Amino acid sequence: MSTAGKVIKCKAAVLWDLKKPFSIEEVEVAPPKAYEVRIKMVVAGICRSDDHTVKGEFLATLPVILGHEGAGIVESIGEGVTAVKPGDKVIPLGLPQCGECIVCKHPEANNCVKMGLNNPQWTMQDGTTRFTCKGKPIYHFIHTSTFSEYTVVDEISVVKIDAAAPLEKVCLVGCALSTGYGSAVKVAKVTPGSTCAVFGLGGVGLSVIIGCKAAGAARIIAVDINKDKFAKAKKLGATECINPQDFQKPIHEVLKEMTGGGVDFSFEVIGRIDTVLQALSCCHEAFGVSVMVGVPPSSENLSVNPMLLLTGRTWKGALFGGFRSKDAVPKLVTDIMANKIPVDLLITHVLPFEKINEGFDLLRLGKSIRTVLKF
Ligand code: PAD
Ligand code: ZN
Ligand code: ZN
């Protein structure tokens, strides 16, 4: 029996309060309105950005259904939708691509004005929510809310992918893989023979390493305080791995000594103010490029000595690896299917959706790279 046009009752992980576990609840998911798409989720990955939100470091409106890295199948579409149809395999896009705004029309930029990070409503584009639970509206999270058996997204926040794509692997294109890989190849534009330093070896940092290697970097120095991450980093292309806690000197000085003055490209993929500064300082003063990938707490500011930039360094930041989501995601999926990107090495745990809190514990304890939840 078709569910199109009807309210669907299903399970979702609701965050009622900050710093609390998720509750698996029965929620009502309303049918998609015009230019909206309802998706049956198949898999969802757990990203540190979800955890930043649980901790209150990245703001959201509560109660909320988090999750922004997933893949599923279109269940039904609202009036006027042309980009996808029921049955299509899709990836929800935390960073939309409306195609019409000043950013989408810019030749390089990707932070579509419809993303609304500076003025987030945490609703659909029309200002209302499609989720309710116990009579209360439940808010959306960066246009995706993938921790639900069914979710509704705006047409600008979803893209169709190859019908043969293995969803449990390619779901990482929804965040970690694109963000890390793009930060290397598109934002930093890593050059062949160059030296790179990557701070933070989670799913996103390891994807930066995959990108640095693909771009032909000669040296890739991986930096993390959890040495258990080093084996995977080496497997993916790191040539050296260092733990800042093993040195008396500040880590940026260690890196400058190791590289005769500083690296060509550095990446902060942790989300801390102190490591953003370390990454900036370790790149060469005359030609180094440092890319901020991690999301630091929204309440914190950073003060830097202007000389760090005046001498010639370039300091950049980007969401989603600088990729335009609708254009890039299907191509990255194709590259994964052609075994050009070893995304499966990033998935260390697969758990049933109901064990979401266990998945977050693994992340917090530094025991997982990516946990993928299966619905
Ligand atoms: P993760 O928690 O899996 O990995 C972070 C790594 O950093 C871990 O291996 C830690 O051990 C390591 N670490 C922590 N503190 C330090 C330190 N002081 N020095 C060295 N290493 C340290 O996170 P992730 O890979 O899921 O995400 C990384 C960051 O990227 C996080 O801040 C997340 O919010 C952000 C992100 N940004 C975007 C974007 O579009 N810019 C997208 C997705 C994620
Ligand atoms: Zn993410
Ligand atoms: Zn746009």
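The structure reproduced in this document is the subject of the present report.

Calculation rules
Throughout this description, residue numbers start from 1 for each chain and increase along the sequence as written. Chain letters and ligand numbers both follow the written order, the letters beginning at A and the numbers at 1. Only residues with pLDDT of 70 or above have their local features reported here, since the model is predicted, and side-chain atom pairs are shown and tallied only from 80 upward, although totals for entire chains, interfaces and linings are computed over all residues. For the side-chain quantities, the full set of heavy atoms in the structure was used; hydrogens and water were omitted. We count a stretch as a helix when DSSP gives it H or I for four or more residues in a row; a strand needs E for two or more, and each element gets its number in order from the N terminus. Here the radius of gyration uses the C-alpha set of atoms, whereas the globule reference equals 2.2 Å times the residue count to the power 0.38. Whether two residues are in contact is decided by their heavy atoms: any pair within 4.5 Å suffices. Under the convention used here, a 1.4 Å probe and the Shrake-Rupley method define accessible areas, while residue burial counts only the protein chains that appear. Charge assignment in this entry is limited to Lys and Arg as positive and Asp and Glu as negative, and neither His nor the chain termini are counted. Charged side chains are reduced to one point each, which is NZ for Lys, CZ for Arg, CG for Asp and CD for Glu. If DSSP finds at least two bridges between two strands, the strands pair. A fitted line through C-alpha atoms represents every axis, and for helices the fit uses only the stretch in contact; the resulting angles, taken between N-to-C directions, go from 0 to 180 degrees. Only nitrogen, oxygen and sulfur atoms qualify as donors, provided they sit within 2.8 Å of the metal or within 3.2 Å for Na, K and Ca; with water excluded from the atoms, sites may seem incomplete. Irregular is the default label, applied whenever a site is not tetrahedral (four donors, all angles between 85 and 135 degrees) and neither square planar nor octahedral (four or six donors, opposite donors over 155 degrees apart, all other angles between 65 and 115). Only protein chains enter the accessibility calculation, which uses a 1.4 Å probe; a residue is then buried when its area is under 20% of its type maximum, exposed when over 50%, and partly exposed in between. In these notes, residues near a molecule or strand are those with any non-hydrogen atom within 4 Å of it. Each polar contact in these results corresponds to two N or O atoms within 3.5 Å; when the atoms are within protein, one needs to be able to donate a hydrogen and the other to accept it, and residues that are neighboring in sequence are counted only if both atoms are side-chain atoms. All residues other than Ala, Val, Leu, Ile, Met, Phe, Trp, Tyr, Cys, Pro, Asp, Glu, Lys and Arg, Gly among them, are scored as polar; the first ten of these are nonpolar and the last four charged.

**Some words on the overall build of the protein**
Each helix and strand in the protein was counted, giving ten helices and 17 strands. Taking 375 residues into account, the globule formula puts the C-alpha radius of gyration at 21 Å, and the protein, at 20 Å, falls close to it. Each principal axis of the C-alpha distribution contributes one length, and for the protein these read about 65 × 40 × 40 Å. Sequence separation of 24 or more characterises 71% of the internal contacts of the protein that already satisfy a separation of 6 or more. If you sum the accessible surface of the protein, you get close to 15,600 Å²; carbon and sulfur atoms cover 54% of it. Here the protein contributes 42 positive and 37 negative side-chain charges, whose respective centroids are spaced 2 Å apart.

**Examining the sheet that holds strand E6 (residues 131-133)**
On the basis of which strands lie adjacent, the open sheet formed by four strands has the order E1-E2-E6-E7 and antiparallel pairing. Each end of this open sheet is capped by a strand with a single partner; those strands are strand E1 (8-14) and strand E7 (136-138). Direction aside, neighbouring strands of the sheet carry axes that sit 45° apart on average. By the bridge criterion, two bridges tie strand E2 (residues 23-29) to E6 in an arrangement that is antiparallel. Opposite Glu28, over in E6, you have Thr132 as the bridge partner.

**Concerning the coordination of the zinc ion (ligand 3)**
Protein-derived ligands of the zinc ion (ligand 3) are Cys98 (SG), Cys101 (SG), Cys104 (SG) and Cys112 (SG), with the metal-ligand distances lying across 2.3 to 2.4 Å. Here the zinc ion (ligand 3) binds four donor atoms, and the angle range of 104 to 117° at the metal identifies the geometry as tetrahedral. Of note, the donors binding the zinc ion (ligand 3) are all from one chain and are spaced C-x2-C-x2-C-x7-C. In this structure, Cys104 and Cys112 share a single accessibility class: buried.

**Re the environment of Ala279**
Summarising the element assignment, Ala279 is placed in helix H7 (residues 273-282). A relative accessible area of 0% means that Ala279 is categorised as buried. With 159 residues separating them along the chain, Ala279 and Pro120 place their C-alpha atoms 29 Å apart. In this structure Ala279 touches Phe199, Ser266, Phe267, Glu268 and Ser290, once residues within four positions along its chain are discounted.

**Here's the deal with the site of ligand 1**
If you check the shell around ligand 1, you find 28 residues, and the closest are Arg48, Ser49, Asp224, Ile270 and Arg370. In this structure, an oxygen atom belonging to ligand 1 sits 2.8 Å away from a side-chain N or O atom of Ser49. Separating an oxygen atom of ligand 1 from a side-chain N or O atom of Arg370 is a distance of 2.8 Å. Within the complex, the protein chains bury 90% of what would otherwise be the 870 Å² of accessible surface of ligand 1. Listed by contribution, the elements that provide at least two residues to the shell around ligand 1 are helix H1 (48-55) and helix H4 (203-214). Top contributing element to the shell around ligand 1 by residue count: H1, with three residues. Taken together, the residues of the shell around ligand 1 sort by class into 13 nonpolar, ten polar and five charged.

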